Amino acid sequence: GIAWVIEHGNSTRLLGKHFVKVLALDTYLNEHHLNSVVIAPICPKGKSWERISTQLYALIHSVCEKMNIDRSRIYLMGTSFGAQGGWGLLSERTDIFAAAQLASAAPKHYDIEKVVKTPIYFTLGENDMDKPSMYESVIEKFREKGAEITFKILPNMNHREACNAAYTPESIEFLLSHKKQETTE
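In this report, we go over the structure that sits alongside the text. For clarity, every value in this text was computed on a predicted model and none was experimentally measured.

Each value, and the rule that gives it
Residues numbered from 1 in each chain as written. Predicted model: local features only at pLDDT ≥ 70, side-chain atom pairs only at ≥ 80, totals over all residues. Heavy atoms only, no water. Helix = DSSP H or I, 4+ residues; strand = E, 2+ residues; numbered from the N terminus. Expected span 1.5 Å × (residues − 1). Buried < 20%, exposed > 50% of the residue type's maximum accessible area, 1.4 Å probe, protein only. Arc of directions from axis to C-beta. Contact = heavy atoms within 4.5 Å. Core = buried A, V, L, I, M, F, W, Y, C linked by side-chain atoms within 4.5 Å. Polar contact = N/O pair within 3.5 Å; in protein donor to acceptor, adjacent residues only side chain to side chain. Pairing = 2+ DSSP bridges. Axes fitted to C-alpha atoms, helices over the stretch in contact; angles between N-to-C directions.

## Structural notes on helix α6 (residues 133-144)
- Over its 12 residues, α6 extends 18 Å from the first C-alpha to the last, a length consistent with the 16 Å expected when each residue adds 1.5 Å.
- All buried positions along α6 are accounted for by Tyr135, Val138, Ile139 and Phe142. Looking straight down α6, one finds that the buried residues subtend no more than 105° of arc, so they occupy a single side. Opposite the buried face of α6, by more than 90 degrees, sit the exposed residues Ser133 and Glu144.
- For α6, the secondary structure elements touched by its buried residues are α4 (81-92), α5 (112-115), β5 (120-125) and β6 (149-154).

## Concerning the nonpolar core
- Core analysis: the largest hydrophobic core is formed by 39 residues, its most contacted members being Ile74, Phe97 and Phe142.
- Excluding anything up to four places from it in sequence, Phe142 contacts Trp87, Pro107, Tyr110, Ile112, Val115, Val116, Ala147 and Ile149.
- Counting residues in hydrophobic clusters, the runner-up holds 18 residues, among them Ile2, Ile6, Leu25 and Ala98.

## Comments concerning the side chain of Ser91
- As for its position among the elements, Ser91 is in helix α4.
- Ser91 gets classed as buried once you look at its relative accessible area, which sits at 11%.
- A distance of 3.1 Å separates a polar side-chain atom of Ser91 from the backbone oxygen of Trp87.
- Here Asp111 takes part through its backbone nitrogen, which lies 2.6 Å from a polar atom of the side chain of Ser91.
- Dropping the residues within four chain positions of it, Ser91 is found in contact with His109, Tyr110, Asp111, Lys114 and Val115.

## Topic: the environment of Asn156
- Note that Asn156 resides in the loop between β6 and α7 (159-164).
- Taking the C-alpha atoms as reference, Asn156 lies 34 Å from Leu56; in sequence the two are 100 residues apart.
- When neighbours within four sequence positions are excluded, Asn156 is seen to be in contact with Glu126, Asn127 and Glu161.

## Some thoughts on the pairing of strand β2 (residues 36-39)
- Side chains Val37 and Ile39 project from β2 onto a buried face, and the interleaved Ser36 and Val38 project onto a face without burial.
- Strand direction decides the pairing type here: strand β1 (residues 2-7) and β2, joined by 4 bridges, are parallel. By the bridge assignment, Trp4 is partnered in β2 with Val38.

## Observations regarding the sheet that holds strand β3 (residues 74-79)
- The strand order across the open sheet formed by 6 strands is β2-β1-β3-β4-β5-β6, and the pairing between neighbours is parallel. With one partner strand each, in any of the chains shown, β2 and β6 form the two edges of the open sheet. With direction set aside, neighbouring strand axes in the sheet form an average angle of 15°.
- Sheet topology note: the β1/β3 ladder contains 5 bridges and is parallel. By the bridge assignment for β3, Glu7 is matched with Gly78.

Next up, the structure:
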């Protein structure tokens, strides 16, 4: 089977709701009859994804063992606060995720030498509080280091709209087109 690790944004945690965005993934998985498990923990208030990364990796390992997940097909998805955490997780461990989709969050805390080892599909709303032009030089640095990164600007969308529209058949297919190669870390 396939594992999808989804890190939520701050508003999801604050509202106590779980992922409208997961519906797009669920619809895709059902339409394509893909044997999958979605791992979607709630990050505790006052914590960041990076600060609970040890627990998150343990959760991923446990679920993969119990659910017979193909370790080459673990995908990371995150929007806003969850995407910020995603950049950090990709900096910590290059051996887990086959590919990542990150939306609406600047890569602020990252190790470029490690992040470039994971293919990334990155989206941002045209009217986000961080303007797309702010990202172009960072994306170019990733590409210069050999990263496979797709950068999509979502027209006429603000931050919240871009987060809600992040997961699409195109982005899911990007993720599915990648498998993690055996590495030692």
